[in-house]
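Observations on chain architecture
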Amino acid sequence: MVINLSPSPPSHSSSIIRLANSKSPISQPSVKLKTHFPKPLFSPSFASPNANFTCKKQFLHDNSRCTHGNRVDFRTCAFAGFDYGNFEGPQSVLEAAAVLTAIIVVHESGHFLAASLQGIHVSKFAVGFGPILAKFNAKNVEYSIRAFPLGGFVGFPDNDPESDIPVDDENLLKNRPILDRIIVVSAGVIANIVFALVIIFVQILAVGLPVQEVFPGVSVPEVRPFSAASRDGLLPGDVILEVNGNEFPKPGPNAVSEVVDVIKRNPKRYVLLKVKRGEQDFEIGVTPDENFDGTGKIGVQLSPNVKFAKVRPKNLLEAMRFTAKEFWGLSSNVLDGLRQTFLNFSQSASKVSGPVAIIAVGAEVARSNIDGLYQFAAILNINLAVINLLPLPALDGGTLALILIEAARGGRKLPLEVEQRIMSSGIMLVIILGLYLIVRDTLNLDFIKDLL
């Protein structure tokens with residue numbers, strides 16, 4: 001979702017899918033805030049702490065079987081510019097876009113229902129930001145689809161000069177008790193958490209819980225045509241067992257990182273790989289091409305050498321137990337990804353994803369394994385929930401922070417001008433960041449690179 005920039009007053013509920021930014025109408029030069037909840041769409045959890053390659057994590061159940069006795073996060077790693085470059089298959093793109101849209105709608109519906117069920121006036125429900133593409137009105141609420149797919153927002157008529165509702169109406173959001181407002185602002189995050197749990201539960205019942213067994217080496221699931229790897233004889237399905245005579249001390253993501261590091265450090269220099277192909281082991285010499293930043297690249301997709309199986313629950317109680325464990329594992333990884341983003345911001349900032357990259361990753365997941373869409377959707381929901389809780393302007397967490405400040409001041413609100421200044425600055429920042437991510441991620445798509 002995106003930070004919503006609709007021209008409504010200080011939004012008391014902002015949300016982010018937190019992979020993009022949503023906001024209400026951007027067409028007006030001065031952002032005139034009505035109370036609404038914007039949600040931006042940025043996703044640090046799709047970023048790897050490693051500088052030049054991105055890791056898409058597939059998080060697996062606690063009871064994963066592993067030949068080395070360790071549970072690992074399964075990451076599919078690709079060199080920069082190749083991890084989400086392909087938009088092949090319109091069906092997979094539509095599936096990923098549908099997942100993203102559903103998550104935005106669920107988030108905004110949480111705010112909307114929490115307000116409506118308490119009798120609080122709601123004036124707008126929007127998916128996207130900016131100019132309206134389509135709309136209809138029902139029960140004094142304008143429902144719209146907007147031009148910029150950066151998120152969505154729920155608008156409230158609290159400070160809308162065009163509203164005919166008296167400013168002292170007790171059912172305006174700003175006039176409701178602090179607890180009522182906290183419920184409305186928090187409802188989007190709660191809706192995403194519940195939706196993530198439902199998705200995981202359905203996945204476990206429908207296809208089972210994925211477990212993994214880890215084997216030595218690094219798998220090569222894909223080799224890019226005309227790349228250094230293709231030129232020197234590496235094939236999809238090969239397993240790299242050694243690099244320059246060195247075995248990998250530990251299987252899993254660490255082994256992938258080791259291969260990536262060696263390749264990056266040796267542009268235009270010979271690298272010897274020991275490869276397993278079928279039942280045969282042999283050596284292949286690869287000479288990495290030089291990247292624009294001076295690092296080496298060979299044009300492959302790499303992943304830990306793992307095999308997957310599905311475990312189905314014996315009964316509903318076990319299904320709920322599996323769901324809780326998987327949700328906890330996914331949440332821990334999202335939180336860890338966010339922590340790494342902040343701790344290594346200079347390295348990981350370039351890995352923050354916008355809606356284009358999210359849909360591209362989702363389309364890749366849908367193409368390779370439709371079951372992966374379950375975890376893709378669950379991770380996005382958790383991501384959005386976590387990011388929206390950050391105490392930043394234009395996010396739900398920022399609005400909650402203002403409400404808590406009001407509570408600490410004995411019920412005295414900050415001056416309206418101060419709130420508007422805080423929220424409008426946050427909204428503008430989200431819009432700028434959202435548009436930048438859309439442009440950057442679009443330019444990173446392979447077919448756009450080919451055109452350029």
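Okay, so let's go over this structure.

With respect to the pairing of strand β9 (residues 271-277)
- Bridging between strand β7 (residues 239-243) and β9 involves four bridges; their strand directions are antiparallel. Paired with Val239 across the bridge in β9 is Lys276.
- Taken together, the seven bridges between β9 and strand β10 (residues 280-286) define a ladder with antiparallel strand orientation. Each bridged residue has a counterpart across the sheet, and for Val271 the counterpart in β10 is Val286.

Things to note about the side chain of Glu142
- With respect to the helices and strands, Glu142 occurs in strand β5 (residues 141-156).
- At a separation of 3.4 Å, a polar atom in the side chain of Glu142 contacts the side chain of Arg146.
- Sequence-distant contacts of Glu142, that is, excluding residues within four places in its chain, are made with Ser123, Lys124, Phe125, Ile132, Lys135, Phe136 and Asn137.

Details of the pattern of salt bridges
- Tallied over the entire structure, the rule returns 11 salt bridges.
- One salt bridge in this structure joins Glu142 and Lys135, with 3.7 Å as the shortest N-O distance.
- For Glu142, a relative accessible area of 13% gives the class buried.
- One salt-bridge network, held together by shared partners, links Lys135, Glu142 and Arg146.

Re the packing of aromatic side chains
- If you walk through the whole model with that rule in mind, you get five aromatic pairs.
- Taking 6.0 Å as the distance between ring centres and 55° as the angle between the ring planes, the aromatic pair formed by Phe112 and Tyr143 counts as tilted. With Phe112 in helix α1 (residues 90-116) and Tyr143 in strand β5, this pair connects stretches of sequence that are 31 residues apart.
- Classification of Phe112 by relative accessible area gives buried; the value is 15%.
- With centroids separated by 5.8 Å and ring planes inclined at 10°, the aromatic side chains of Phe129 and Phe153 adopt a geometry described as stacked. Of the two residues, Phe129 is situated in strand β4 (residues 124-138) and Phe153 in strand β5; the sequence distance between them amounts to 24 residues.
- Exposure remark for Phe153: the relative accessible area of 0% places this residue in the buried category.

A few points about the environment of Gly217
- With respect to the helices and strands, Gly217 occurs in strand β6 (residues 209-223).
- The exposure class assigned to Gly217 is buried, which follows from its relative accessible area of 5%.
- Considered as a pair, Gly217 and Glu247 are 30 residues apart in the sequence and their alpha carbons are 8.2 Å apart.
- Not counting the four nearest positions on each side in its chain, Gly217 is found in contact with Val239, Ile240, Leu241, Phe248 and Asn305.

A few points about the environment of Gln212
- With respect to the helices and strands, Gln212 occurs in strand β6.
- As for Gln212 and Ala309, which are separated by 97 residues in sequence, their C-alpha atoms are 6.3 Å apart.

About the thresholds
- Residues numbered from 1 in each chain as written.
- Predicted model: local features only at pLDDT ≥ 70, side-chain atom pairs only at ≥ 80, totals over all residues.
- Heavy atoms only, no water.
- Pairing = 2+ DSSP bridges.
- Helix = DSSP H or I, 4+ residues; strand = E, 2+ residues; numbered from the N terminus.
- Polar contact = N/O pair within 3.5 Å; in protein donor to acceptor, adjacent residues only side chain to side chain.
- Contact = heavy atoms within 4.5 Å.
- Salt bridge = Lys/Arg side-chain N within 4 Å of Asp/Glu carboxyl O.
- Buried < 20%, exposed > 50% of the residue type's maximum accessible area, 1.4 Å probe, protein only.
- Phe/Tyr/Trp six-rings, centres within 6.5 Å; stacked < 30°, edge-to-face > 60°.

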